[in-house]
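For reference, the chains in residue letters:
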Amino acid sequence: MVRADVNQRLIIERNATIEKLNAENERLKLTIAKLRQEIFGASSEKGERLEDQLKALAEQLESATQVSATADDVPPQIISATPIERKKPSRKPLPGHLPREVVEYPCPPVCECCGGTHLVKLGADVTEMLEIMRRSWKVLHHLRHKMACRGCGHINQAPAPFHPTPRGRFGANLLAMIIFEKFGQHQPLNRQSERYAREGIDLSVSTLVDQIGACQKTLTPIFELMKSHVFEAERLHGDDTTVPVLAKGKTTTGRAWVYVRDDQPFSGQAPPAAIFYYSPDRKGEHPQSHLTHYGGILQADAYGGYGQLYETGRILEAGCWAHARRKFYELAKVAHAPLAVEAVRRIDALMAIEKEINGASAEQRWSVRHERSAPLVAALEAWMLDHRSKLPRYSDTAKAMDYLLKRWPSFVRFLEDGRICMTNNAAERALRGIALGRKSWLFAGSDVGGERAAFMYSLIVTAKLNGVDPQAWLADVLARIAGHPAKRLHELLPWNWKAAQQALAA
């Protein structure tokens, strides 16, 4: 009896080990497939493309089977193909607001055919070509004349102009260009310095660094006004990404955090804005510090560092369906897992509804979701619970389902509140510039450099969100902020600045 129990236990342990090893083997195969996809495959996550590929594959297999079975019985047929009419490509006209410089090519005074000189003008052929002139530099001499009063001897002189930075030698336009090239166009300062040297201007990297630091101090009041505006929102998008930081003999991994206010999906009137922070690591204390005084809805991924914020009840968690969908999509695209394909199809049906109601009021969104989305969500939950119980413990599909099921209340919260979005794409879009920049600037020079980058990203991304040219806005603000009344600094925020510029243009 004892031996039978021991054998039974050994069999159970052996089966469990085999199941675990099989799951590990499948996981390794999937990892290899993901790496191949990452290197060689397309990065698009559109569900329509995935379904089209799978349908095309199935149709090809079915067609091949039918053809092989009936090839001997069916006589060959001549298929007439209708030619495709292709539209001739047309070039857009060159911008009409640009100045035109005429380059004339006079006609020869003698006829090329007979040598006659009696020529009559018929017209002219015009060809336009877009050209750019080399950037020009100049030095502004601020000349303040002194006048002495013969009556009392008092010396009179115009007040000194305000400089963008204390005792600065660089103009506002130059400073704005350096900032935007560095943080908007991802051009490292060493490359900028080399380009300026080729144009005859010697600006060392250390000089450029100092000027960016001085601009940060000058623009701090604008940053503080943006921060207050962002954290007054009823709902925030939050996310983070890695930032390589130079250390002694190596690079460490810092984090860039972003919090985005975007009320446009539910027809909110507040202008969008984004605030970035930097931290040397990803400890939960950092988002807890960022959101100390915030109370509302936070749309984010399942990062555990937000947990203590949710426990207080001051911040309400809203899950990101894009993160959940991505786990199924990778399995569907790489491993062609049928359950993953079905999960992507069901989630895409929900997102199609969201696309229809984007920009509607919160009440309208709630009504449509209650009527159309809620039944689909309930069916998705029932479908996952039914199939999850049949999947092995270590299955990747099971892990993708668990990501949703274990956080189900946060994922279905969008059904209860029309202000909540299904995805956290607003935060991911805001971080896209850092992801692109990493390929160019490779790493931040120090923690101070990371903090400075977060500051500048806040200004540039907020300007872009409001449809404002960041370089033009920065140049104007740097030129005016020193002499602008403190009580009216809100006039320099991107959304107010844009309205003022439009009023002047009208």
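Scroll up a little and you will see the structure.
All values reported here derive from a predicted model rather than from experimental measurement.

Reading the values: the criteria
Residues numbered from 1 in each chain as written. Predicted model: local features only at pLDDT ≥ 70, side-chain atom pairs only at ≥ 80, totals over all residues. Heavy atoms only, no water. Helix = DSSP H or I, 4+ residues; strand = E, 2+ residues; numbered from the N terminus. Buried < 20%, exposed > 50% of the residue type's maximum accessible area, 1.4 Å probe, protein only. Contact = heavy atoms within 4.5 Å. Salt bridge = Lys/Arg side-chain N within 4 Å of Asp/Glu carboxyl O. Axes fitted to C-alpha atoms, helices over the stretch in contact; angles between N-to-C directions. Parallel < 35°, antiparallel > 145°, perpendicular 65-115°, else oblique. Nonpolar A, V, L, I, M, F, W, Y, C, P; charged D, E, K, R; others polar.

A. Up close: the side chain of His-290. Here His-290 lies in helix α6 (residues 285-290). A residue is classified by how much of its surface remains accessible, and His-290, at 14% relative accessible area, is buried. Not counting residues within four places of it along the chain, the set of residues in contact with His-290 comprises Phe-231, Trp-257, Tyr-259 and Tyr-277.

B. The arrangement of the pattern of salt bridges in detail. Considering all chains together, one arrives at 19 salt bridges under this definition. Arg-100 is the salt-bridge partner of Glu-128, the closest N and O atoms lying 3.2 Å from each other. Of the two residues, Glu-128 sits in the loop between α2 (47-70) and β1 (146-148) while Arg-100 sits in the loop between α2 and β1, which places them 28 residues apart along the sequence. On the basis of relative accessible area, Arg-100 is assigned to the partly exposed category, the value being 44%. Residue Arg-261 pairs with Asp-263 through a salt bridge whose shortest N-O separation is 3.3 Å. Side by side, Arg-261 and Asp-263 carry an identical accessibility label, which is buried. Residues joined in a network through salt bridges with shared partners are Glu-234, Asp-417 and Arg-419.

C. View of the packing of helix α8 (residues 321-335) against helix α11 (residues 396-405). As a packed pair, α8 and α11 sit with axes 10 Å apart at the nearest point and diverge in direction by 170 degrees. Taken together, the axes of α8 and α11 lie roughly antiparallel to each other. From α8, Trp-321, His-323, Ala-324, Lys-327, Phe-328 and Leu-331 reach across to α11, where they touch Asp-396, Thr-397, Ala-400, Met-401, Tyr-403 and Leu-404. In terms of residue class, the contact of α8 with α11 is made up of eight nonpolar, two polar and two charged.

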